[in-house]
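# Structure assessment
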Amino acid sequence: MNKINQILNYATMNDYKQVMDVFKLHKSYFPHIRGDKVKRMIESKNIVWENGVLITWNHYKRKQKVGDYQAQKGDCILHQIAAKNQGDGSGKRVFEKFIEYNKGRDIVLSVRSLNTRAIEFYKKYGFIKVSDIEWGKTKQVKGEVYLLEQKPLYRYKENKFV
């Protein structure tokens, strides 16, 4: 493992099997995860891997729509978070470090609407719902977009900037 700014550890190819095992453990939430994509994310250092917890993420290189929400260049997009041992506090500890690492950047994520456990977890950290989103060929998978504002320039509230 290598350190990201001395705050987080990112995955290396030596961690690949363990990372994939965690994704397989939560296959109902991550049916779309492919090994080749995980390898590319490891190579580009976009997977945090610490204490059995993984977080996949990126920083936007340009403005990007997530549902109806307009993310800005430099914002962090949180793709996935999963823990080998849900409920033991390890996810909380790594996630708090991830938020600290991204201090000064807004963090945007999308989550399946049925994943109420994850939604409640994000809300505890101050994430607010900013949009709905749909995935799949026929838009059969319903989701929600959440935002953690960490930039002092603007505030987002009830679907409008104030």
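Described below are features of the structure shown in this document. What you see is a predicted model; the values in this text were computed from it and never measured.

What counts and how
Residues numbered from 1 in each chain as written. Predicted model: local features only at pLDDT ≥ 70, side-chain atom pairs only at ≥ 80, totals over all residues. Heavy atoms only, no water. Phe/Tyr/Trp six-rings, centres within 6.5 Å; stacked < 30°, edge-to-face > 60°. Buried < 20%, exposed > 50% of the residue type's maximum accessible area, 1.4 Å probe, protein only. Helix = DSSP H or I, 4+ residues; strand = E, 2+ residues; numbered from the N terminus. Core = buried A, V, L, I, M, F, W, Y, C linked by side-chain atoms within 4.5 Å. Arc of directions from axis to C-beta. Contact = heavy atoms within 4.5 Å. Salt bridge = Lys/Arg side-chain N within 4 Å of Asp/Glu carboxyl O.

A word on the packing of aromatic side chains. The tally for this structure, following the rule as stated, stands at 11 aromatic pairs. A centroid spacing of 5.4 Å and a plane angle of 80 degrees characterise the contact between Phe23 and Phe30, whose relative ring orientation is edge-to-face. Of the two residues examined, Phe23 and Phe30, each falls in the buried class. Between Trp57 and Phe98, the aromatic rings sit 6.3 Å apart at their centres with planes inclined by 65 degrees, giving edge-to-face as the arrangement. Highlighted residues: Trp57 in strand 4 (residues 53–59) and Phe98 in helix 3 (residues 90–101), separated in sequence by 41 residues. Residue classification places Phe98 among the buried positions, given a relative accessible area of 0%.

Our focus in this paragraph is the nonpolar core. Ranked by size, the top nonpolar core spans 23 residues in total, and within it Ile55, Leu78, Phe95, Phe98, Ile107, Tyr122 and Phe127 carry the most contacts. Among the elements that make up this core, the one with the highest residue count is helix 3 (five residues). Listed in part, the 14 residues of the second largest apolar core include Phe23, Met41, Trp49 and Leu54.

Here we come to helix 1 (residues 16–25). Within helix 1, burial applies to Val19, Met20, Val22 and Phe23. Down the axis of helix 1, the smallest arc covering the buried residues is 155 degrees, so these residues share one side. Seen from the buried face of helix 1, the exposed residues on the opposite side, beyond 90 degrees, are Lys17, Lys24 and Leu25. Looking at the buried positions of helix 1, the neighbouring elements they touch are helix 2 (35–43), strand 3 (47–50), strand 4 and strand 7 (76–83).

Working definition: two side chains of opposite charge can pair if their charged atoms are close together. On inspection of all chains with the given rule, the structure shows eight salt bridges. Note that Lys97 and Glu50 form a salt bridge whose closest N and O atoms lie 2.3 Å from each other. Taken together, the residues span a long stretch of sequence, with Lys97 in helix 3 and Glu50 in strand 3 at a distance of 47 residues. Note on Lys97: relative accessible area 31%, which makes it partly exposed. Here Lys129 and Glu144 are joined by a salt bridge, their closest N and O atoms 4.0 Å apart. Of the two residues, Lys129 is situated in strand 9 (residues 128–135) and Glu144 in strand 10 (residues 141–148); the sequence distance between them amounts to 15 residues. Note on Glu144: relative accessible area 13%, which makes it buried. One salt-bridge network, held together by shared partners, links Arg34, Asp36 and Arg40.

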